[in-house]
Amino acid sequence: MPLMPPRRDGGDGRDLEANPIFSREPVRVPRYALPARETAPDVAYQMVHDELMLDGNARLNLATFVTTWAEPRAQALMAECAAKNMIDKDEYPQTAELEERCVRMLARLWHAERPDEVMGCSTTGSSEAAMLAGLALKRRWRHRRRAEGAPEGRPNLVMGINVQVCWEKFADYFEVEPRYVPMEGDRYHLSPETAVELCDENTIGVVAVLGSTFDGSYEPVAGIAAALDDLRTRTGLDVPVHVDGASGAMIAPFLDPELEWDFRLPRVASINTSGHKYGLVMPGVGWALWRDAGALPDDLVFHVNYLGGDMPTFALNFSRPGAQVVAQYYNFLRLGFDGYRKVQRTCRDVATRLAGEIARLGPFELITDGGQAPVFAFRVREEAGGFGVFDVSGALRERGWLVPAYTFPENRTDLEVLRIVVRNGFSHDLADLLLDDLRRILPRLERQPGPRRGAGDAGVFAHGAETRHPRRPGRG
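Here is what the cut-offs are and how they apply
Residues numbered from 1 in each chain as written. Predicted model: local features only at pLDDT ≥ 70, side-chain atom pairs only at ≥ 80, totals over all residues. Heavy atoms only, no water. Helix = DSSP H or I, 4+ residues; strand = E, 2+ residues; numbered from the N terminus. Buried < 20%, exposed > 50% of the residue type's maximum accessible area, 1.4 Å probe, protein only. Contact = heavy atoms within 4.5 Å. Areas by Shrake-Rupley, 256 points an atom, 1.4 Å probe, with all protein chains shown as cover. 1 Å grid on protein atoms, 1.4 Å probe; cavity = no way out; pocket = protein on both sides within 12 Å on 5 of 7 lines; lining within 4 Å. Points joined across faces, edges and corners; volume = space filled by probe spheres on them. Expected span 1.5 Å × (residues − 1). Core = buried A, V, L, I, M, F, W, Y, C linked by side-chain atoms within 4.5 Å. Pairing = 2+ DSSP bridges. Axes fitted to C-alpha atoms, helices over the stretch in contact; angles between N-to-C directions. Phe/Tyr/Trp six-rings, centres within 6.5 Å; stacked < 30°, edge-to-face > 60°. Salt bridge = Lys/Arg side-chain N within 4 Å of Asp/Glu carboxyl O.

(A) How the structure looks around the overall build of the chain. Within the chain one finds 11 helices and 15 strands. Evaluated residue by residue, the chain yields a buried proportion of 53% over its 476 residues. When contacts within the chain are restricted to residue pairs at least 6 apart in sequence, those whose partners lie at least 24 apart make up 71%. Here the chain has roughly 22,200 Å² of accessible surface; of this, 51% comes from carbon and sulfur atoms.

What follows is the structure, encoded as structure tokens:
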């Protein structure tokens, strides 16, 4: 959640006033101070409910990767488990058991050679999972350097500039030098050659993304792993790979089974995914898995006993809800492999068809077509003239559609795009309604003498696709 700036009391900080139709005492409630007295529950509810009407419709939010629809029975289970604390494994042993079953299922899904030896845990999302994976990479590197009697220097992590912002946070919070590979020409993510160029004895790992936030494309994990195998043969440098599969790790196993990106590649040490993205759970759960105990140093695992029993824990959070973990297990049980395959196939079919229809409208050019993650990016052709991507985003928002517009990062900040994320629940019918609205606004936009909106007018959060300006990659 973004940090909110402080608000000053004054004319812009009016109290909330209860509508006389449903009001009871009190009829005025302060906005930014704790009320002195209680408020009747139905009044408090109505006040909050009314304000929330100003939020966008989650189902029409095509910016977010996060699940916005769930089956009623999944929601019922989450409500039943709302009070369960995931950390209290002694108090809620069966919830802990369901978490363990999910880890084993993911280990098999991702082709672990020995699934029962995989180390794994649930998290609050893939951002926390990514940070745990980064910490494990850093600690393994430090142990290795100490064993060699080598200086530890400053560790670095190699990744494409297209990584989600959580990796930038990891590097900053845990003092790791981020070595970003910039985009060049039509290459919008990491390549084997560019990854290897930035590796040295202080590299703790390479992050490969399966489903880029910027355009939905898969990075060539197998090619990156092969290039790092070659690097080890030539130089002795042994650099592991972490796969950020926030989206793609729950798509590729079902739709691209021949694609080698997971634990089939010996160089892949760990994988994370978002259960609340294409794992199809409502927000609040991610997963981190390590190939074996050797990939997760034991000194990162803490043991606590003050909740009853010995409880090993490796997480940035302590108390957190168990409801989403239960919902994840429900989805695995409910859908099975074939059910997930059908859901993800439908998402990809909607994405590729919608991308094709948008390309046929004329003013737009596809960057990707939704054929990997069901996500695609497109831009306005230069000859369109009278409008840009920010004009399109603003016009669609008038109808309730949240379609983010943003610029790509270094060295393609000249590229302005729109991105559409197709999730479970975004049907062919909704895609047709979006196309109808897009066709409806184009004549008005085409009559403009020039673009009226720019990046400063963008009102839609890009969900990780923020432009960052990294330090120039180096070898220090």
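Still more to cover.
(B) Seen up close, empty space enclosed by the protein. Scanning the entire structure with this criterion turns up 1 cavity of 30 Å³ or more. Counted as a void, the largest cavity has a volume near 40 Å³. Around the largest cavity, the lining residues are Arg-59, Leu-62, Thr-68, Val-421, Arg-423, Asn-424, Gly-425 and Phe-426.

(C) Representation of the environment of Arg-108 within the structure. Among the structural elements, Arg-108 can be located in helix 3 (residues 93-109). Linking Arg-108 and Phe-263, residues 155 residues apart in sequence, is a C-alpha distance of 9.5 Å. Leaving out residues up to four positions away in the same chain, Arg-108 has contacts with Pro-115 and Asp-116.

(D) Looking closely at helix 11 (residues 428-446). In this model, helix 11 (19 residues) spans 27 Å end to end at C-alpha, consistent with the 27 Å of a helix rising 1.5 Å per residue. As for helix 11, its buried residues are in contact with helix 9 (323-360), strand 12 (364-366), helix 10 (389-397) and strand 15 (416-421).

(E) Main features of the nonpolar core. Of all hydrophobic cores here, the largest spans 61 residues; its most connected members are Trp-110, Val-206, Leu-228, Trp-261 and Leu-289. Element by element, the count of residues in this core is highest for helix 9, at 8 residues. Val-206 has contacts with Leu-157, Val-158, Leu-190, Ala-195, Cys-199, Ile-224, Leu-228, Val-239, Pro-240, Val-241 and His-242, leaving out every residue within four places of it along the chain. Listed in part, the 33 residues of the second largest apolar core include Val-392, Leu-418, Val-422 and Leu-445.

(F) Spotlight on the sheet that holds strand 5 (residues 177-181). The mixed open sheet is built from 7 strands, whose spatial order is 3-9-8-7-6-4-5. Of all strands in the sheet, those bounded by a partner on one side alone are strand 3 (119-123) and strand 5. Shown here is a sheet whose adjacent strand axes are inclined to one another by a mean of 20°, direction ignored. In the sheet, strand 4 (residues 156-160) pairs with strand 6 (residues 203-209) via 3 bridges, with the strands oriented parallel.

(G) Structural view of the packing of aromatic side chains. Following the criterion strictly, the structure yields 14 aromatic pairs and no others. Pairing Phe-254 with Phe-337 gives two aromatic rings, centres 4.9 Å apart and planes at 55°, and the pair type is tilted. One end of the pair, Phe-254, is in helix 8 (residues 252-255); the other, Phe-337, is in helix 9, and 83 residues separate them in sequence. What makes Phe-254 buried here is its relative accessible area of 7%. Residue Phe-337 is classed as partly exposed on the basis of its relative accessible area of 46%. The interplanar angle of 15° and the centroid separation of 5.3 Å between the aromatic rings of Phe-254 and Tyr-340 together place this pair among those described as stacked. Remark: Tyr-340 occurs in helix 9 and Phe-254 occurs in helix 8; sequence separation between them is 86 residues.

(H) How the structure looks around the pairing of strand 8 (residues 268-274). Most of strand 8 sits inside the fold, with 7 of its 7 residues counted as buried. Taken together, the 4 bridges between strand 7 (residues 241-244) and strand 8 define a ladder with parallel strand orientation. Its bridge partner lying in strand 8, Val-243 is registered against Ile-271. Of the pairings in the sheet, the one linking strand 8 to strand 9 (residues 286-290) comprises 5 bridges and is antiparallel in character. Across the sheet, the residue bridging to Thr-273 is Trp-287, located in strand 9.

(I) View of the pattern of salt bridges. The final tally for this structure, using the stated rule, is 31 salt bridges. The salt bridge involving Asp-414 is made with Arg-412; its shortest N-O contact spans 3.0 Å. Judged by relative accessible area, Asp-414 falls into the exposed class, the value being 54%. For Asp-437, the salt bridge is made with Arg-440, and the minimal N-O distance between the two is 2.2 Å. Taken together, the residues span about one helical turn, with Asp-437 and Arg-440 both in helix 11 at a distance of 3 residues. Residue classification places Arg-440 among the exposed residues on the basis of a relative accessible area of 53%. The network of salt bridges with common partners includes Asp-229, Arg-232, Asp-238 and Arg-267.

(J) Spotlight on the side chain of Gln-328. With respect to the helices and strands, Gln-328 occurs in helix 9. Setting aside residues up to four positions removed in sequence, Gln-328 forms contacts with Cys-102, Gly-275, Gly-279, Val-281, Val-285, Trp-287 and Tyr-340.

(K) Local environment of the sheet that holds strand 13 (residues 375-380). What the 4 strands build is an open sheet, ordered 12-13-15-14; its pairing is antiparallel. Two strands bound the open sheet, and with one partner strand each, they are strand 12 and strand 14 (405-407). Adjacent strand axes in the sheet meet at a mean angle of 40° when their direction is disregarded. Note: strand 14 against strand 15, 3 bridges, orientation antiparallel. Pairing of Ala-405 across the sheet is with Leu-418, part of strand 15. The strands touched by helix 10 within the sheet are strand 12, strand 13, strand 14 and strand 15, with strand 15 carrying the most contacts at an inclination of about 40°.

None of this, on its own, says anything about what the molecule does.
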